[in-house]
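If you want the building blocks of each chain, they are given just below.
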Amino acid sequence: MTTLEAIEAVLSEAGAPLTTGVITEQILSHGFWRTSARVPEQSIHAYLAVDIKNKRQESRFQRTAPGTFALRAWGLPEVASRAVKGTPGRPAAAQATPETAPDPSARDVPDVGIDTMSFVDAAELILSQSADRRPMHYRTITERALELGLVTSGGQTPAATLNAVVSLAIAQATRRGETPRFTRQGRGLIGLSAWESDSLGAQIERHNATVKEALQSRLAGMHPADFEVLVGRLLVAIGFEDVEVTQRSGDGGIDVRGTLVVGDVIRTRMAVQVKRWKQNVQAPTVQQVRGSLGTHEQGLIISTGDFSAGARQEAQRANAVPVALMSGSQLISLLVEHDIEVRKVKHHLIELEGPASEEE
């Protein structure tokens, strides 16, 4: 299911306009859509805004209020997004007011206060809007992303930045046993893996998804003490030192303690609580962990499930000690990336030698 198909399914089920936040929660909870975007709501809003901007009355969606969308087939009154002046690649949405008169020279920008997208998310959106599903050169992708105000760049070479982060995203997904969002076509051309549903990569992804489900079941059946030991192994693999599984009682809810070391320079004491839960972790659990922290400690909750919106807001609450959150899907990905409880099997794929693949 494509992103726009997922949005359409959620709106059809609701039968009424929804905000982008609710749309995002629904498509994720229904499993209609998977994303590694840092701010999924931002991506959903951008997909809708770009689709409406490009297709206008031909779009299946319409904006009924700021940040709220409906299906055009319902025939509801439509609200245009506010156009404001801004320098190329740097939208000035924050300057918009209801009294701002439309300006022909202004660009269509998102109508809610959402930051611009990451380069990889913007690249995925631009490519997904390609009707013929043909790869694009990374420079073309960058130009369109800047023109639509999806990204900003203070550097002199935004195209090179986009090209580099796409390569990094491909490498990271491959290490985690996932099919990358992007494919390299040579000579600077980038495509989407979703366009190749019958490819070898898609078959591998389906196999890996089955193995990950089996790993999830294995974690659910583990003895609590064994699960904590497993988490300790993972923490060591991702850069923790002095990892210690705490006693089963008298730990204030903390299961593992350790020091996160970054570049042998930054050292952060972390107190970790693990939850083998299917249901979402709620805000009171975050508050409990924060209350159990020692001096100069930060918190981390690792769950085999997920976190409620309230829990995520509580974890990021201003003027409070930070509490990081690791969901079940993130936990599985990291276990796979670091070969814990799984092993990677390599096969040799041969292809005819083709044109040079260096990016231009």
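1. Quick look at the sheet that holds strand S3 (residues 68-71)
Hydrogen bonds between backbone groups are what pair the strands of a sheet, and the pairing can be parallel or antiparallel. Within the open sheet, the three strands sit side by side as S1-S3-S2. Their pairing is antiparallel. The sheet is open, and its two edges are formed by strand S1 (18-19) and strand S2 (61-65), each paired on a single side. Sheet analysis places S2 next to S3, joined by four bridges and oriented antiparallel. Directly across from Arg63, in S3, lies its bridge partner Phe69.

2. Some thoughts on the packing of helix H5 (residues 138-147) against helix H6 (residues 158-175)
With their axes 9 Å apart at the nearest point, H5 and H6 run at an angle of 115° to one another. Between H5 and H6, the crossing angle belongs to the class labelled roughly perpendicular. The chirality of how H5 crosses H6 is right-handed. Along its contact with H5, which presents Tyr138, Arg139, Ile141, Thr142 and Leu146, the element H6 presents Pro158, Ala159, Ala160, Leu162 and Asn163. Here the residues of the contact of H5 with H6 sort into seven nonpolar, two polar and one charged.

3. Overview of the sheet that holds strand S9 (residues 240-245)
Reading across the sheet, the five strands line up as S9-S10-S11-S12-S13 and stay open at both edges, with mixed pairing between neighbours. Only two strands of the sheet have a single partner each, and these edge strands are S9 and strand S13 (323-326). Strand-to-strand, the axes of this sheet are offset by a mean angle of 25°, without reference to chain direction. Here strand S11 (residues 266-275) runs beside strand S12 (residues 297-303); their pairing, made up of seven bridges, is parallel. From the neighbouring strand, Val272 faces S12, where its bridge partner is Leu300.

4. A few points about the pattern of salt bridges
Under the criterion given, the structure shown has 14 salt bridges. With a shortest N-O distance of 2.9 Å, Arg218 and Glu341 are connected by a salt bridge. In this pair, Arg218 sits in helix H7 (residues 200-220) while Glu341 sits in the segment after helix H11 (328-337), placing the two residues 123 residues apart along the sequence. As a salt-bridge pair, Arg233 and Glu341 come within 3.6 Å of each other at their nearest N and O atoms. Here Arg233 is found in helix H8 (residues 224-237), whereas its partner Glu341 is found in the segment after H11, with 108 residues between them in sequence. A residue is classified by how much of its surface remains accessible, and Arg233, at 41% relative accessible area, is partly exposed.

The rules behind these values
- Residues numbered from 1 in each chain as written.
- Predicted model: local features only at pLDDT ≥ 70, side-chain atom pairs only at ≥ 80, totals over all residues.
- Heavy atoms only, no water.
- Pairing = 2+ DSSP bridges.
- Helix = DSSP H or I, 4+ residues; strand = E, 2+ residues; numbered from the N terminus.
- Axes fitted to C-alpha atoms, helices over the stretch in contact; angles between N-to-C directions.
- Parallel < 35°, antiparallel > 145°, perpendicular 65-115°, else oblique.
- Left-handed = near helix turned anticlockwise from the far one by under 90°.
- Contact = heavy atoms within 4.5 Å.
- Nonpolar A, V, L, I, M, F, W, Y, C, P; charged D, E, K, R; others polar.
- Salt bridge = Lys/Arg side-chain N within 4 Å of Asp/Glu carboxyl O.
- Buried < 20%, exposed > 50% of the residue type's maximum accessible area, 1.4 Å probe, protein only.

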